[in-house]
Amino acid sequence: MNILVLNCGSSSAKFAVIDSADGTEHLTGIAQRLGTAEASLDYSHNGQKHVQKLPGAGHDQGLRAAVQVMDDLGLRASLAGVGHRVVHGGSKFASSMRITPEVVAQVEACIHLGPLHNPPNLVGIRLAEQLLPNLPQVAVFDTAFHQTMPARAYTYPVPHEWLTQYDVRRYGFHGTSHRYVTQKAQELLGIAANEGCLVTAHLGNGCSATAVKNGESVDTTMGLTPLEGLVMGTRSGSVDPALLGYVARATGQTADAVLDALNKKSGLLGMSGLSNDMRTLQEAAAQGNPRAQLAIEVFCYVLAKQLAGLVVALGRLDALVFTGGIGENSAEIREKVLNLLGFLGLQLDPGANAQAVRGKAGRITHSLKPQALVVPTNEERMIALDTAALVSGSFAGAQYL
Ligand code: ADP
């Protein structure tokens, strides 16, 4: 079943036409730099890349151009539905949902929690409804997978009214990726969908890790926002919240400006002063750059510490799963992390670790229980699978809270 997967951000819209059954990507593309003179539609079909300049185009024109490409390639007629990535579903959505006016209203009601992401996600939903009016639309939430977390994992030790009046709690993100790699890891382990104690580590530009017990998220490192938890490309991850006021006073900046720096100028970029890109840092570290070396050391140490912490939520560890650009490709980072976690019984297999790169999945430890796996993620495929299941009525476990 061909599904249009749409990920609409503030200045770009990523799209893909995917066969949900076998994952074939018939078309992938991005309308980017929207709202600027450099706006363009870049897409790839049958291995061929195309760039269409769209100076001054906004989301509307960008998506119209994408739909025109689908028309020209004869793909539009094959579509069975549209699956939208929606970042924040708050506590309202515990699974993907067929989009109705009520669902749209609830996504709007979550804007205070995802003020940067939900508005462009809603723009994508409205435009797709206009441009493809006869197709069913589905919302797939980054937060939904984590709605199974127990109160002890999602409750912050802060005044209770912050939760009841302002919805302050841990939500967690990257849920579509954690869910996808959980299913793939369960296949590799030969266990059922409701079995296993896994820790999944999604390490891309954004990084988060999740404790998955019997197929359900029971704790995760990201929180109210994606700033909490692991060290990331430009985000600090967890720091003493008192530094916000301290640095604001010390530098004369507003607290919002300091928060912005924690999101955009910290993490690997902030520590190294060089780049948010792990490849660049690994190269610089190999040439002796001390700040790149320290940034990598802090990244791995904090990662190992938080991964070990998630095992508390599980009671035992069957498998640690690496995914995302760093998790899928950097044998060096995986080696450092597994060496720090040796006390859990994880024993690195250096040969297998070196092999598991560029989309190859597999076990990278000699140890079997626990073991470490590399599993390439595919959030678009997961969105296509959910959309196909909801469109065809075979979706199990949809919940509307
Ligand atoms: P996003 O979160 O934006 O989807 P990705 O999942 O593509 O990002 O991950 C991007 C990160 O993966 C970057 O830090 C990049 O340097 C890193 N990465 C990709 N390939 C490698 C590699 N071979 N070795 C080390 N890091 C890599």
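What counts and what doesn't
Residues numbered from 1 in each chain as written. Predicted model: local features only at pLDDT ≥ 70, side-chain atom pairs only at ≥ 80, totals over all residues. Heavy atoms only, no water. Disulfide = S-S within 2.5 Å. Buried < 20%, exposed > 50% of the residue type's maximum accessible area, 1.4 Å probe, protein only. Phe/Tyr/Trp six-rings, centres within 6.5 Å; stacked < 30°, edge-to-face > 60°. Helix = DSSP H or I, 4+ residues; strand = E, 2+ residues; numbered from the N terminus. Lys NZ or Arg CZ within 6 Å of the ring centre and 35° of its normal. Contact = heavy atoms within 4.5 Å. Polar contact = N/O pair within 3.5 Å; in protein donor to acceptor, adjacent residues only side chain to side chain. Domains from an automatic or database assignment. Pairing = 2+ DSSP bridges.

The next thing to look at is the state of the cysteines. All chains considered together, the criterion is met by zero disulfides. Summary of cysteine pairing: C8 is not part of a disulfide, and the nearest cysteine sulfur, belonging to C110, is at 18 Å. For C8, a relative accessible area of 4% puts it in the buried group. Between C300, a cysteine without a disulfide, and C207, which holds the nearest cysteine sulfur, the sulfur-to-sulfur distance is 10 Å.

Glancing now at the packing of aromatic side chains. Here the structure, examined in full by the defined rule, presents one aromatic pair. Ring centres 4.2 Å apart and planes at 10° place the aromatic pair F93 and F141 in the stacked group. Of this pair, F93 sits in the loop between β6 (79–86) and β7 (97–98) while F141 sits in strand β8 (residues 137–141), and the two are 48 residues apart along the sequence. For F93, a relative accessible area of 0% gives the class buried. When its relative accessible area of 2% is taken as the criterion, F141 is described as buried. The ring of Y154 carries R169 above its face, with NZ or CZ at 3.8 Å from the centroid.

Moving on, we come to the environment of Q306. Within the fold, Q306 resides in helix α11 (residues 290–314). Each C-alpha atom, one on Q306 and one on I3, is 36 Å from the other, the two residues being 303 residues apart in sequence. In this view, Q306 contacts T221, G229, L230 and S238; residues no more than four positions away in its chain are not counted. A distance of 3.0 Å separates the side chain of Q306 from the backbone oxygen of G229, its partner in a polar contact.

On domain assignment, one finds that the protein holds domain 1 (2–141) and domain 2 (191–379). Taking only C-alpha atoms, the centre of domain 1 and the centre of domain 2 are 29 Å apart.

Below, the discussion takes up the pairing of strand β4 (residues 40–45). Taking burial as the measure, the six residues of β4 include five buried ones, the bulk of the element. Here five bridges tie strand β3 (residues 25–32) to β4, and the two strands are oriented antiparallel to one another. Counterpart to G29 in the pairing with β4 is Y43. Here six bridges tie β4 to strand β5 (residues 48–53), and the two strands are oriented antiparallel to one another. Looking across to β5, one finds that D42 is bridged to V51.

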